[in-house]
Amino acid sequence: MHFGVHVTDVRRDGITVSPKIGGPDQDYATRTVLWTAGVEAVPFARHAAEALGADTDRSGRIAVNADLCVPGHPEVFVIGDLAGRDGLPGVAENAMQGGLHAAASIKRDIKGAPRKDFRYRDVGSAAYISRGHALMQLGPVKLTGLLGWIGWGFIHIAFLTGVRNRLSTVGTWLATIARANRSDRAFILGGSGHPEEPYTWESPVHQGYHFKGDQPEKDASA
């Protein structure tokens, strides 16, 4: 495990990392790179928290009250990925529901009515893998493969604003399906590499190494 670094380059033969706080770049030889994404608040969030005197969690999200306002600043709401409360998920639905709640709270303030606490409603989740492959879950209902992909597409189209945007997206989607070429690919990892594309080259990163099975070993002559 290497902490405190940014991956600045990914190649077929390895990766390059750069320290977050100064120092030289470092290369790591690898034939397989798995990329995953986490949720971390943008640097602006910490600056805003400092200006408001608010606390932040380890991900940089701003601590908020139950109604999504900043403690001591009822006129400032924080929603979406920046709201650090009750393990709210970093998904678009959280931001949309938070926006509606903030608007409702402002209306209540104008009417002199008390605010209500924000309650996130989990409406399910969906993940795109590649064309024709996606995952979608809504309560006990789970869809995968082609059905999941179709469901994922309709969900995203339904949340678009404006008829023109929806028609344009549907048209682009249908054109992509009709084209013979593909702009994305799904990879299933396993074995020791793609059978049609074996690793037969030697890069500068791998010089002095040979692979025994899937593990690199230092050559005695290197």
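Every value quoted in this text rests on a predicted model; they were computed, and no experiment measured them.

Topic: the overall build of the protein
When helices and strands are tallied, the protein shows four helices and 12 strands. A burial count over the protein gives 20% of its 222 residues as buried. When contacts within the protein are restricted to residue pairs at least 6 apart in sequence, long-range pairs at least 24 apart make up 30% of them.

Side note on the sheet that holds strand β8 (residues 125-130)
The three strands are arranged β8-β9-β10 in an open sheet whose pairing can be described as antiparallel. Either end of the sheet is taken by a strand with one partner, and the two such strands are β8 and β10 (141-144). Neighbour-to-neighbour, the strand axes of the sheet open up by a mean angle of 5 degrees, direction not taken into account. The pairing of strand β9 (residues 133-138) with β10 spans four bridges and is antiparallel. What sits directly across from Met136, in β10, is Leu143.

Section: the pattern of salt bridges
Evaluated as defined, the whole model comprises five salt bridges. Note that Asp13 is salt-bridged to Arg11, the shortest N-O span being 3.2 Å. Taken together, the shared-partner salt bridges connect Asp9, Arg11 and Asp13 into one network.

So, the nonpolar core
Membership of the largest hydrophobic core comes to 13 residues, with the highest contact counts inside it found for Ile62 and Val78. Counting residues per element, this core draws most heavily on helix α1 (residues 43-52), at three residues. Each residue touching Val78, except ones within four places of it in the same chain, is listed here: Ile62, Val64, Leu68, Val70 and Ala83.

Digging into unusual backbone geometry
The backbone of Leu68 shows a phi angle near 75 degrees, a positive value even though the residue is not glycine. Residue placement: Leu68 occurs in the loop between β4 (62-63) and β5 (69-70). Its relative accessible area of 2% is what places Leu68 among the buried residues.

What about the pairing of strand β6 (residues 73-77)?
Pairing between β5 and β6: two bridges, direction antiparallel. In the strand pairing of β6, Cys69 is matched with Phe77.

Some words on the sheet that holds strand β3 (residues 26-29)
Strand-to-strand pairing in sheets goes through backbone hydrogen bonds, with the strands running parallel or antiparallel. In spatial order, the strands read β1-β2-β3; together these three strands make up an open sheet with antiparallel pairing. Both outer strands of the open sheet, β1 (5-10) and β3, are each paired with one neighbouring strand and no more. Between one strand axis and the next, the sheet turns through 30 degrees on average, direction left out of account.

Points about α1
Buried residues of α1: Ala45, Ala48 and Ala49, and no others. All buried residues of α1 project into a common sector of 100 degrees when viewed along the axis, lining one side. Exposed side chains of α1 directed beyond 90 degrees from the buried face belong to Pro43, Phe44, His47, Glu50 and Ala51. Looking at the buried positions of α1, the neighbouring elements they touch are β4. Phi turns positive, to about 70 degrees, at Gly53, one or two residues after α1.

Focus: helix α3 (residues 145-158)
For α3, which comprises 14 residues, the first-to-last C-alpha distance of 20 Å matches the rise-based estimate of 20 Å (1.5 Å per residue) to within 8%. All of the buried residues in α3 are Gly148, Trp149, Gly151, Gly153 and Ile157.

Overview of a nonpolar patch on the surface
Where nonpolar side chains cluster on the molecular surface, the patch consists of Val7, Val10 and Val33 and spans about 240 Å² of accessible area. Looking at the secondary structure, you find Val7 in strand β1.

Cut-offs used in this document
- Residues numbered from 1 in each chain as written.
- Predicted model: local features only at pLDDT ≥ 70, side-chain atom pairs only at ≥ 80, totals over all residues.
- Heavy atoms only, no water.
- Helix = DSSP H or I, 4+ residues; strand = E, 2+ residues; numbered from the N terminus.
- Buried < 20%, exposed > 50% of the residue type's maximum accessible area, 1.4 Å probe, protein only.
- Contact = heavy atoms within 4.5 Å.
- Pairing = 2+ DSSP bridges.
- Axes fitted to C-alpha atoms, helices over the stretch in contact; angles between N-to-C directions.
- Salt bridge = Lys/Arg side-chain N within 4 Å of Asp/Glu carboxyl O.
- Core = buried A, V, L, I, M, F, W, Y, C linked by side-chain atoms within 4.5 Å.
- Arc of directions from axis to C-beta.
- Expected span 1.5 Å × (residues − 1).
- Patch = residues over 30% accessible without salt bridge, like charges linked within 9 Å, V, L, I, M, F, W, Y side chains within 5 Å.
- Areas by Shrake-Rupley, 256 points an atom, 1.4 Å probe, with all protein chains shown as cover.

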